[in-house]
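Chain and residue survey
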Amino acid sequence: MHVNDLVVAGFGPSGIALAAAVEDHDDAHPERPRLTAAYLERAADSAWQPHQVLPGTDIQHHFLRDLATPRAAGSRFGFVPFLQQSGRFYEFTLLGGYVSRLEWSAYVQWAAEQVRRRPAYHREVVAVEPVADADGVVRTARVVSRDPRDGRRYEDFGRNVAVATGHRPHVPEVFREAVGERVFHASEFLLRTAALPPAPEGRPLRWAVIGAGQTAGEIVLHLHGSDPNAQVHSLVRHAGFRMYELGHFSNEVYFPEETEYVYGLERGARERVMAQARATNYAAVDPDVSTALYTAHYQDKLTGTHRLSMERRTEVTGVDVRPEGVVLETAEVFTGERRRLEVDAVVLCTGYTEPHVPEALAPFASLLAREDDGLPAVTRGHRAETVEGCEVGIYLDGLTEWRHGIASAASFSQMAVKADAVHRDLRGQLARQRESAARPAPVTV
Ligand SMILES: Cc1cc2nc3c(=O)[nH]c(=O)nc-3n(C[C@H](O)[C@H](O)[C@H](O)COP(=O)(O)OP(=O)(O)OC[C@H]3O[C@@H](n4cnc5c(N)ncnc54)[C@H](O)[C@@H]3O)c2cc1C
């Protein structure tokens, strides 16, 4: 059985940034043995948000906040080396820092390709299981994965495991039974729209887009702009699309010092800090999208085409999927007035949830140390502490917004410094594991 120093589940931005920190460190210390690692990714490649990269959309962070530069400005995994190798360096400088989602997705894929230890694609991690030695101590994890194409199973072993599988798409209760061909989460947008049955001859496609965040805004604009006949209903629970909080000072919550601050707070205070910071990243749109939405809405009125309907203060209370379309029952949030809306498809831009302990870690759940409130005890270096008798390092990488604050999960701002924190903790953990392995076993009489 080959036991790796590290097995990483998920090779998206968090997994790649960690691999970059590992390889940069190994390159800087050629005299030391290289860390052995296995990288497992469910998808066919590492393209970023592949089913949501819409033409004309741009990233929400500065391009220097990439997978490596904030950790090490000279790293070969940075966005600038990517630009240089692409041959677009000078053209890029004329764009004033604009980076499309398409280009960012290509950069993330390029960075994955720079990792020398090749990742294994089509490998969905389904379970991380403890393996006890003869003395009962757990020093190894068995990482079980399956190929989603044919169900074939694989096992990898690690002294340490980083779970970097990202946040889970959130589907509100009312839509759960309806999810399928016509009702789907935005994370599958391009995949599902390509497979959608066409509207009957002579009738335009009718869409309902649920939600008021950046993704909802981009999808409304895309549907409205890419099909000159499409009928788009945008359903939001408050008065309309809001804009992100863009103040310079309030956006300092994405600085590393903020993570230090938040990490030091007790749970109630952390939740209050998070509630204050939410408007910088969630349930709102950027100024470009806000302007484009309002312009489209205005043009619609001006021309009398009525293809874009802004259904404000509207909540979906019932969903009926039929062979020919979907009927939504809705209620006005304050008056309770009920309506029916018939559409061909419903796009759920209803966000993501962060699991405290990802499903695949269930076999390890009883070995994770807990805080008084039952939540996992997590180090500043994103390691879930384990109980006595378990020496495996379990890292929750990109899964601890609840513990480290807004910048440490659903944002690129600290992707590189987060990887640095995980990597430093990992090196310390490996040193302890080596010491433990060298210690003679206790003699029993
Ligand atoms: C539409 C959208 C736009 C965004 N735009 C921005 C932006 O402009 N700027 C910004 O800072 N942030 C943005 N974010 C947030 C950003 O996506 C995250 O910061 C970043 O992608 C998180 O990286 P991650 O690797 O932790 O998770 P993810 O990007 O979710 O990657 C997780 C990876 O794990 C894989 N995986 C999942 N489950 C398994 C499994 N069981 N086994 C193996 N592999 C698995 C997935 O296929 C994926 O490759 C956006 C998010 C969304 C949804």
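Residue positions are given per chain, counting from 1 as you read along its sequence in written order. Residue-level local features of this predicted model are given only where pLDDT is at least 70; pairs of side-chain atoms are given and counted only at 80 or more, and the full residue set underlies all totals for whole chains, interfaces and linings.

On to the overall build of the protein chain, then. The number of helices and strands found in the protein chain is 11 helices and 19 strands. For 445 residues, the compact-globule estimate of 2.2 N^0.38 gives 22 Å, and the C-alpha radius of gyration of the protein chain, at 24 Å, lies within 12% of that figure. For the C-alpha atoms alone, the extent of the protein chain along its principal axes is close to 85 × 50 × 45 Å. The buried share of the protein chain, taken over its 445 residues, is 38%. Looking at the protein chain alone, contacts between residues at least 24 apart form 73% of all its contacts between residues at least 6 apart. The numbering of helices and of strands both runs from the N terminus, where a helix is a DSSP run of H or I of at least 4 residues and a strand a run of E of at least 2. Based on C-alpha atoms, the radius of gyration is set beside the globule rule, defined as 2.2 Å times the residue count to the power 0.38. Exposed residues have 12 or fewer other C-beta atoms within 10 Å of their own C-beta, buried residues have 20 or more, and residues in between are partly exposed; the C-beta atoms are placed from the backbone. We call two residues in contact when their backbone-placed C-beta atoms lie within 7 Å.

Here we come to the sheet that holds strand 19 (residues 393–396). Read from one edge of the open sheet, five strands run 3-2-7-19-18, paired in mixed fashion. Of all the strands in the sheet, the pair left with one neighbour each is strand 3 (37–40) and strand 18 (383–384). Whether two strands pair depends on DSSP finding at least two bridges between them. Pairing between strand 7 (residues 160–163) and strand 19: four bridges, direction parallel. Residue pairing across strands places V163 opposite L396, the latter belonging to strand 19. The convention used is that axes are lines fitted to C-alpha atoms, helices contributing only their stretch in contact, and that angles between N-to-C directions extend from 0 to 180 degrees. Its contacts with the sheet put helix 1 (residues 13–28) on strand 2 (6–9), strand 3 and strand 7, and the angle it makes with strand 3 is roughly 160°.

We now examine the site of the ligand. Taken together, 28 residues lie around the ligand, and G10, G12, Q60, G166 and G398 are the ones closest in. Looking at the shell around the ligand, the elements with two or more residues in it are helix 1 and strand 4 (124–132). Among the elements that take part in the shell around the ligand, helix 1 stands out by supplying three residues, more than any other. Each residue receives a C-beta atom placed from its backbone. It is near a molecule or strand if this atom lies within 6 Å of it.

To continue, consider the nonpolar core. In these notes, a nonpolar core means any group of buried Ala, Val, Leu, Ile, Met, Phe, Trp, Tyr and Cys residues linked to one another through C-beta atoms within 7 Å. Within the largest apolar cluster, 57 residues are counted, with the highest numbers of intra-cluster contacts made by V8 and V161. The element contributing the most residues to this core is helix 1, with seven residues. Not counting residues within four places of it along the chain, the set of residues in contact with V8 comprises G15, L18, A19, A37, Y39, L40, A162 and A164. If you look at the next biggest cluster of nonpolar residues, it comprises 35 residues, including V220, L223, Y244 and V346.

Turning our eyes to something else, we now look at the packing of helix 6 (residues 214–226) against helix 9 (residues 287–303). Following both chains from N to C, one finds helix 6 and helix 9 inclined at 40°, their axes separated by 10 Å at the closest point. By the angle class used here, helix 6 and helix 9 are oblique. In this structure, helix 6 crosses over helix 9, and the sense of that crossing is left-handed. Residues Q214, G217, E218, V220, L221 and H224 of helix 6 lie in contact with helix 9, whose contacting residues are V289, A292, L293 and A296. Side-chain classes are defined by residue name, with Ala, Val, Leu, Ile, Met, Phe, Trp, Tyr, Cys and Pro counting as nonpolar, Asp, Glu, Lys and Arg as charged, and the others, Gly among them, as polar. Taken together, the residues of the contact of helix 6 with helix 9 break down into six nonpolar, three polar and one charged. If an angle is under 35 degrees, it is roughly parallel; if it is over 145, roughly antiparallel; if it lies from 65 to 115, roughly perpendicular; otherwise it is oblique. Handedness of a crossing is defined here by the sense of rotation of the near helix relative to the far one, left-handed for an anticlockwise turn of less than a right angle and right-handed for a clockwise turn.

This part covers helix 4 (residues 101–114). Helix length check: helix 4 (14 residues) gives 20 Å between terminal C-alpha atoms against 20 Å at 1.5 Å per residue, within 8%. Every buried residue of helix 4 is listed here: E103, W104, Y107, V108, A111 and A112. Summarising the contacts, the buried residues of helix 4 are in contact with helix 1 and helix 2 (79–86). To estimate the expected span of a helix, count its residues, drop one, and scale the result by 1.5 Å.

Our next topic: the environment of E260. When you line up the elements, E260 lands in helix 7 (residues 256–263). Owing to 12 C-beta atoms within 10 Å, E260 belongs among the exposed residues under this scheme. The spacing of E260 and G405 is 145 residues in sequence and 9.2 Å in space, taken between C-alpha atoms.

On to helix 7. Within helix 7, the full set of buried residues consists of E258, T259 and V262. Down the axis of helix 7, the buried side of the element spans an arc of 105°, and every buried residue falls inside it. The exposed residues of helix 7 that point more than 90 degrees off its buried face are E257 and E260. Each element contacted by the buried residues of helix 7 is listed here: helix 8 (267–277) and helix 10 (401–404). By arc we mean the arc of the directions from the helix axis to the C-beta atoms, nothing more.

This paragraph deals with the sheet that holds strand 6 (residues 153–158). The four strands lie next to each other as 1-6-5-4, forming an open sheet whose pairing is mixed. Each of the sheet's edge strands pairs with one partner strand only, and the pair in question is strand 1 (3–4) and strand 4. In this structure, strand 1 lies alongside strand 6, joined through two bridges in parallel fashion. The residue of strand 6 that forms the bridge with V3 is F157.

Even without being glycine, H306 reaches a positive phi, approximately 50°. In this model, R313 sits at a positive phi of 45°, which is unusual for a non-glycine residue. Relative to the elements of secondary structure, R313 occurs in the loop between strand 12 (308–311) and strand 13 (314–322).

Here the focus is the domain arrangement of the protein chain. Each domain span listed reflects an automatic or database assignment of domains. Domain parsing of the protein chain yields domain 1 (3–167 + 354–438) and domain 2 (169–244 + 282–352). Distance between the C-alpha centres of domain 1 and domain 2: 34 Å. At the interface, seven residues of domain 1 touch 12 residues of domain 2. By residue class, the composition of the side of domain 1 that touches domain 2 is two nonpolar, five polar and no charged.

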